[in-house]
Amino acid sequence: MAQIEKKGGLLRKASSTKKPLKEKVVLMYDEIFKHEDPAKNCPRFWEELFLMKVNLEYLEAKLESVDGEELMKLKDNINSLFQHCIVSLNEEHQIKVVNALQTLCALIRGVHQKNKPTSGFDIINMLMGFDKAELRMKNLVESLDALLCGDGSESLKSLCLKLLLCLVTVTDNISQNTILEYVMINSIFEAILQILSVASSRVQHGYDGVVLLALLVNYRKYESVNPYIVKLSIVDDETTLNGMGLVISQALTEYNRQYKDKEEENQGGFFSTLTNMVGNMFIADVEEKISVQTNEAILLALYEAVHLNRNFITVLAQSHPEMGLVSIPTTPVLPTTPTTPLGTTPPSSDVMNSSELPLDPNLHTSNLLITFLKYCSIVMQDTKDEHRLNSAKLCLIILTCIAEDQYANAFLHDDNMNFRVNLHRMPMRHRKKAADKNIPSRPLVCAVLDLMVEFMVTHMMKEFPMDLYVRCVQIVHKLICYQKKCRVRLHYTWREFWSALINLLKFVMSNETVLLGKHNIFALALMVVNLFNVFITYGDTFLPTPSSYDELYYEIIRMHQVFDNLYSMVLRLSTNSGQWKEPASKVTHALINVRAIINHFNPKIESYAAVNHISQLSEDQVLEVVRSNYDTLTLKLQDGLDQYERYSEQPREAAFFKELVRSISLNVRKNLAVNTLSQEILLKEFSSIS
């Protein structure tokens with residue numbers, strides 16, 4: 001110890017070359033990393049260790065500094081540390097429990113970092129020993145379950161969830177994390193449901209609980225029976241399902257709000273002024289600045305709930321006040337997670353509480369589906385990089401599941417459930433930004449169709465997102481099949497939709513050479529043509545008025561050149577013996593009725609113009625010709641237009657979800673903090689509990 005000299009009534013340290021003192025917990029860690037049992041000379045070693053404030057950085061660094069062979073020699077001490085951590089979770093002394101939880105996180109992460117192919121040791125053996133593993137993990141999960149379901153400290157519950165997230169995400173591929181076998185056997189599922197069903201715990205821990213559940217559901221989901229999948233699929237408790245829906249809704253709402261704030265910030269700044277001055281030259285630059293990080297973890301949770309649990313569909317339509325319109329006095333909340341990029345953190349507690357309020361008739365109402373559609377409209381704007389492309393793909397997969405569900409379709413098309421849905425639209429030079437106030441109140445299916453049309457119109461580009469276009473067209477087809485089946489006459493501006501489809505065909509043909517090198521463009525063309533065939537064959541059963549059916553014919557005739565060019569292209573390729581012969585032939589066959597309409601009405605229109613000496617007919621005049629010549633039109637009945645292949649995750653989407661879960665796991669691990677709770681905060685909280 002440095003000598004202290006007294007000079008002028010003041011104490012000062014004398015100069016010393018001695019090393020600074022190590023804190024006691026560090027010295028105790030050093031004892032563990034010796035080959036002898038640390039309790040041999042100090043019987044109270046383990047009891048004292050968990051009274052010390054954990055030094056996570058030192059413990060993890062110590063594990064990292066030891067090579068694999070040396071670590072194997074320390075196996076007995078590592079096993080003892082792991083075992084005493086589990087024992088300490090049942091202590092009445094709360095500080096011991098906190099320290100044990102944090103130590104377990106450091107131990108699990110540290111040992112996993114050493115698990116390289118060359119290290120030659122097994123994680124389970126290293127942490128707890130093969131012979132004791134089953135009992136150790138049973139005790140660990142039971143202790144965590146008791147802490148999560150008990151009336152104890154919220155900070156302890158938060159740490160329990162963070163330990164579980166640490167355990168689940170410690171490997172990049174969670175299906176290779178063999179420790180999770182024990183979490184399958186000793187389920188934590190009921191504890192997560194309890195968190196979601198109680199308002200107070202949902203506010204504090206709902207986000208971590210939902211993300212944890214989404215990850216556990218994806219453990220070896222294609223290789224064995226995952227009990228979390230089975231249990232999630234049969235949950236029917238309304239409070240629990242609504243709780244899960246609220247957590248997801250609030251996380252997406254927070255993202256939407258942050259995006260809107262960024263958007264308004266940009267519109268009110270220098271870029272906005274400059275854009276107006278030079279005619280939207282810099283619109284892409286402005287858009288780039290308001291790109292924010294998406295939240296795939298919460299989207300995955302929404303997907304699993306919609307895909308696995310039919311009862312969750314009802315949650316999509318549960319009304320609550322629109323977030324952001326409800327003002328609540330905010331109270332300071334203890335931080336439990338570090339600051340991370342937009343979209344990756346749980347929503348703040350004032351947002352989490354807002355949907356618990358009673359409905360005010362003067363407020364706009366919202367629901368999970370509206371919030372999700374707004375989120376989609378933001379995410380789907382920019383699909384240039386792989387990360388955003390995957391996020392948009394997941395959004396469309398969720399919408400596909402919704403579009404196939406009978407109950408979901410019932411409330412989507414319900415005339416008594418009208419909402420104003422303000423979707424975000426990509427800034428484009430040739431159109432003005434729509435005013436929010438002009439949005440009519442309509443059935444929710446109109447917003448879904450608007451979203452699909454918006455995507456089709458805005459993504460005709462060099463890096464053509466073929467997969468996303470196919471999914472968009474499939475979603476619309478499924479919705480129209482429901483309308484045809486249930487004879488739902490939806491008051492929607494179908495002309496905009498038809499126009500978007502025709503422009504899509506036009507774009508595909510204009511870029512035939514480039515696109516054919518990467519995609520089967522005939523599969524998409526066939527879907528688009530068959531959508532027109534559904535309208536032609538069954539439109540009289542679901543289009544809102546007879547004049548809507550006339551307008552369909554008008555659009556086909558007006559844009560006949562696009563269909564003529566498509567026919568020429570597919571005819572050329574179907575008569576060759578190349579790889580596209582068969583898919584091109586299918587499109588040729590599908591065009592029969594479209595070509596029949598064009599070939600039937602065009603001569604009649606030309607004759608009408610000649611007789612009446614009109615060089616260019618108005619829309620009303622063309623419609624008059626159409627209406628007076630339906631009787632002589634012959635169309636061929638085509639089979640299977642109102643049928644579709646139902647969505648199946650396995651095997652088609654398995655590779656996508658495997659990579660998605662890997663990405664989410666990495667992100668959760670990167671942003672996981674188990675040492676943000678200071679000892680002072682914990683002591684204060686525990687003293688208030690007692």
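Worth saying up front: this structure is predicted, and the values here are computed from it rather than measured.

### Re the packing of helix H29 (residues 560-574) against helix H30 (residues 581-590)
Taken N-terminus to C-terminus, the directions of H29 and H30 make an angle of 140 degrees; their axes are 8 Å apart at the nearest point. Crossing hand, H29 versus H30: left-handed. Note on element contacts: H30 touches H29 through Lys-581, Ala-584, Ser-585, Val-587 and Thr-588, opposite Leu-566, Tyr-567, Val-570, Leu-571, Leu-573 and Ser-574. Broken down by class, the residue content of the contact of H29 with H30 amounts to 7 nonpolar, 3 polar and 1 charged.

### Thoughts on the packing of helix H25 (residues 494-510) against helix H27 (residues 521-542)
Taken N-terminus to C-terminus, the directions of H25 and H27 make an angle of 150 degrees; their axes are 11 Å apart at the nearest point. Classified by the angle their axes make, H25 and H27 are roughly antiparallel. As H25 packs across H27, the resulting crossing turns out to be left-handed. On H27, the residues touching Trp-494, Phe-497, Trp-498, Leu-501, Ile-502, Leu-504, Leu-505 and Val-508 of H25 are Ile-521, Leu-524, Ala-525, Val-528, Leu-531, Phe-532 and Phe-535.

### As for helix H21 (residues 386-404)
Spanning 19 residues, H21 covers 27 Å between terminal C-alpha atoms, matching the ideal 27 Å at 1.5 Å per step. Burial of H21 is extensive: 15 of the 19 residues sit out of reach of the surface.

### Structural notes on the pattern of salt bridges
Scanning all chains against the criterion turns up 35 salt bridges. Here Lys-96 makes a salt bridge to Glu-91, at a shortest N to O gap of 3.6 Å. Exposure remark for Lys-96: the relative accessible area of 7% places this residue in the buried category.

### Structural notes on the side chain of Asn-55
With respect to the helices and strands, Asn-55 occurs in the loop between helix H2 (45-49) and helix H3 (56-65). Engagement of the side chain of Asn-55 in a polar contact is seen with the backbone nitrogen of Tyr-58, the distance being 3.0 Å. If we skip the residues at most four places from it in the chain, Asn-55 touches Glu-23, Val-25, Val-26 and Tyr-29.

### A look at the confidence of the model for the protein chain
On average, residues of the protein chain carry a pLDDT of 85, and 82% of them reach 70 or more. In the model, residues 323-345 has pLDDT below 50 throughout and makes 54 contacts with residues more than four positions away in sequence or in other chains.

### Some remarks on the packing of aromatic side chains
Scanning all chains against the criterion turns up 24 aromatic pairs. Measuring from centroid to centroid gives 5.5 Å for Trp-498 and Phe-535, while their planes differ by 90 degrees, and the two rings are edge-to-face. With a gap of 37 residues between them, Trp-498 in helix H25 and Phe-535 in helix H27 connect regions that are remote in the sequence. Residues Phe-532 and Phe-563 carry aromatic rings whose centres are separated by 5.5 Å and whose planes lie at 90 degrees to one another, so their mutual orientation is edge-to-face. Of this pair, Phe-532 sits in helix H27 while Phe-563 is found in helix H29, placing the two residues 31 residues apart along the sequence. Grouped by ring-pair contacts, the aromatic residues Tyr-492, Trp-494, Phe-497, Trp-498, Phe-535 and Phe-542 constitute a single cluster. Positioned above the aromatic ring of Tyr-538 is the side chain of Lys-484, whose terminal nitrogen or guanidinium carbon lies 4.5 Å from the ring centre.

### Topic: the environment of Met-461
With respect to the helices and strands, Met-461 occurs in the loop between helix H23 (444-458) and helix H24 (466-486). The sequence separation of Met-461 and Phe-507 amounts to 46 residues, and the corresponding C-alpha distance is 8.8 Å. Not counting residues up to four positions away in its chain, the partners in contact with Met-461 are Thr-383 and Phe-507.

Basis of the calculations
Residues numbered from 1 in each chain as written. Predicted model: local features only at pLDDT ≥ 70, side-chain atom pairs only at ≥ 80, totals over all residues. Heavy atoms only, no water. Axes fitted to C-alpha atoms, helices over the stretch in contact; angles between N-to-C directions. Helix = DSSP H or I, 4+ residues; strand = E, 2+ residues; numbered from the N terminus. Left-handed = near helix turned anticlockwise from the far one by under 90°. Contact = heavy atoms within 4.5 Å. Nonpolar A, V, L, I, M, F, W, Y, C, P; charged D, E, K, R; others polar. Parallel < 35°, antiparallel > 145°, perpendicular 65-115°, else oblique. Expected span 1.5 Å × (residues − 1). Buried < 20%, exposed > 50% of the residue type's maximum accessible area, 1.4 Å probe, protein only. Salt bridge = Lys/Arg side-chain N within 4 Å of Asp/Glu carboxyl O. Polar contact = N/O pair within 3.5 Å; in protein donor to acceptor, adjacent residues only side chain to side chain. pLDDT = per-residue confidence, 0-100. Phe/Tyr/Trp six-rings, centres within 6.5 Å; stacked < 30°, edge-to-face > 60°. Lys NZ or Arg CZ within 6 Å of the ring centre and 35° of its normal.

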